[in-house]
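One letter stands for each residue in the lines below.
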Amino acid sequence: MTADVFLTHRSLLFTVAYEMLGSAADAEDVLQDSWLRWAAVDHAQVRAPRAYLVRLVTRQALNRLRTLSRRREDYVGEWLPEPLLTSPDVAADIDLAESVSIAMLTVLETLAPTERAVFVLREVFEVPYGEIAEAVDKPAATVRQIARRARERVAAQRPRVRVSRSEQQAVVERFLAAVRTGRVGDLMDVMAPDVVLIADGGGLASAARAPIHGAGLVAELLARPGRTVSTVWLNGAPAGRVEIDGQVAAVSLVVEGGRVTRIHAVANPRKLTRLEVAAELAR
């Protein structure tokens, strides 16, 4: 029974931890720690297992997030979330797909650990304020204030217009076709003039260590021959898998107004271990 209850909610618990941490590997560690703690609990005293487990995972993720925040200060180059292979079905839940997108996870990195926990639990999983207060060890009134501030900060940074799945897919296909052929003109046509490319090599793969701004510079970087390009579904959205000289990168795009406005390219091999089997995500 203990295993059944935890396993029943495992996809939800993984999604909570992943959205808080931006790392599938760290999310799995949090679930392992949480499972050990759950196994030691007197389950007869737990009236609402789902809520209890969400609080348990949240606390463990908060502890891990505070540790990771210090590590990321020493990270080589830009840090991006770990991409997940997902099935197209994830995109059917628009709110879930947006919440696990690389763009959103990157925005969540700008929040303080408690702000991030409160935002994820409230805005994504609609957890009542009282339960969030227990999870983050804050008064409910304080949690409401934190939630408001977090919403404002996220709203100021997230894409202004939600793009339809069909438009996103069409622009992604155009972009990947342009990368495949290496034609500068095609790249310039599909990118916004002020496009930004952010790459994450982690010091283990060749990647720009600072964001590259402007369609001209980005096109010059991308317009190189010999690339193998394929379309994949990453974090609930169509994206690209690009390989050149044996080096693989997972490429996620932000689309606004029919053009690519932001490119997230993850080349750190330690973050590319989950591109073969689709992750199970749930709300």
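Look above for the structure.
All of these numbers come straight from a predicted model, not from anything done at the bench. (Residues numbered from 1 in each chain as written. Predicted model: local features only at pLDDT ≥ 70, side-chain atom pairs only at ≥ 80, totals over all residues. Heavy atoms only, no water.)

(A) Local environment of the pairing of strand β6 (residues 259–266). With 6 of 8 residues buried, β6 lies mostly within the body of the structure. Note that strand β5 (residues 247–256) and β6 share 7 bridges and pair antiparallel. Looking at β6, one finds that Ala250 is bridged to Val266. In this structure, the hairpin formed by β5 and β6 is closed by a connection of 2 residues, where Gly257 is found at a positive phi of approximately 60°. (Buried < 20%, exposed > 50% of the residue type's maximum accessible area, 1.4 Å probe, protein only. Helix = DSSP H or I, 4+ residues; strand = E, 2+ residues; numbered from the N terminus. Pairing = 2+ DSSP bridges.)

(B) Structural context of the packing of aromatic side chains. Evaluation of the coordinates by the stated rule reveals 3 aromatic pairs. Between Phe14 and Tyr18, the ring centres sit 6.0 Å apart and the planes meet at 5°, which makes this aromatic pair stacked. Linking Phe14 with Tyr18, this pair stays in helix α2 (residues 10–21), spanning 4 residues, or about one helical turn. Residue Phe14 shares its accessibility class with Tyr18, and that shared class is buried. Aromatic side chains Trp38 and Tyr52 sit 5.7 Å apart centroid to centroid with 50° between the ring planes, which places their arrangement in the tilted category. Of this pair, Trp38 sits in helix α3 (residues 24–39) while Tyr52 sits in helix α4 (residues 49–72), and the two are 14 residues apart along the sequence. A relative accessible area of 2% means that Trp38 is categorised as buried. A cation sits over an aromatic face here: Arg72 above Trp79, 3.8 Å from the ring centre. Against the face of Tyr129 rests Arg122, its NZ or CZ located 4.2 Å from the ring centre. (Phe/Tyr/Trp six-rings, centres within 6.5 Å; stacked < 30°, edge-to-face > 60°. Lys NZ or Arg CZ within 6 Å of the ring centre and 35° of its normal.)

(C) Here's a closer look at the pattern of salt bridges. One pass over the full model with this rule turns up 17 salt bridges. A salt bridge links Glu28 to Arg10; the nearest nitrogen and oxygen atoms lie 2.5 Å apart. One end of the pair, Glu28, is in helix α3; the other, Arg10, is in helix α2, and 18 residues separate them in sequence. Between Arg158 and Glu98 there is a salt bridge whose closest N-O contact spans 3.2 Å. Separated by 60 residues along the polypeptide, Arg158 in the loop between α9 (140–157) and α10 (165–181) and Glu98 in helix α5 (residues 94–100) bring together distant segments of the chain. Glu98 gets classed as partly exposed once you look at its relative accessible area, which sits at 25%. (Salt bridge = Lys/Arg side-chain N within 4 Å of Asp/Glu carboxyl O.)

(D) The arrangement of the packing of α3 against α4 in detail. For the pair α3 and α4, interaxial distance at closest approach is 9 Å and the crossing angle is 130°. On the basis of the axis angle, α3 is oblique to α4. Where α3 crosses over α4, the two elements pack in a sense that is right-handed. Residues Asp26, Asp29, Val30, Leu31, Asp33, Ser34, Arg37 and Trp38 of α3 touch α4, and the partners they reach there are Pro49, Tyr52, Leu53, Leu56, Val57, Gln60, Ala61, Arg64 and Leu68. (Axes fitted to C-alpha atoms, helices over the stretch in contact; angles between N-to-C directions. Parallel < 35°, antiparallel > 145°, perpendicular 65-115°, else oblique. Left-handed = near helix turned anticlockwise from the far one by under 90°. Contact = heavy atoms within 4.5 Å.)

(E) Molecular detail of helix α8 (residues 129–136). Taken together, the buried positions of α8 are occupied by Tyr129, Ile132, Ala133, Ala135 and Val136. Buried residues in α8, looked at end-on, bunch into an arc of 165°, giving them a common side. Following α8 by one or two positions, Asp137 adopts a phi angle in the positive range, close to 60°. (Arc of directions from axis to C-beta.)

(F) Examining the sheet that holds strand β4 (residues 237–244) more closely. Sheet architecture is open: 6 strands sit in the order β2-β1-β6-β5-β4-β3, paired in mixed fashion. Of all strands in the sheet, those with a lone pairing partner are β2 (212–213) and β3 (228–234), marking the two edges. Sheet topology note: the β3/β4 ladder contains 7 bridges and is antiparallel. The partner of Thr228 across the bridge, within β4, is Glu243. The strands touched by α10 within the sheet are β1 (191–200), β3, β4, β5 and β6, with β3 carrying the most contacts at an inclination of about 160°. Against the sheet, helix α12 (residues 215–222) touches β1, β2 and β6, its axis set at about 55° to β1.

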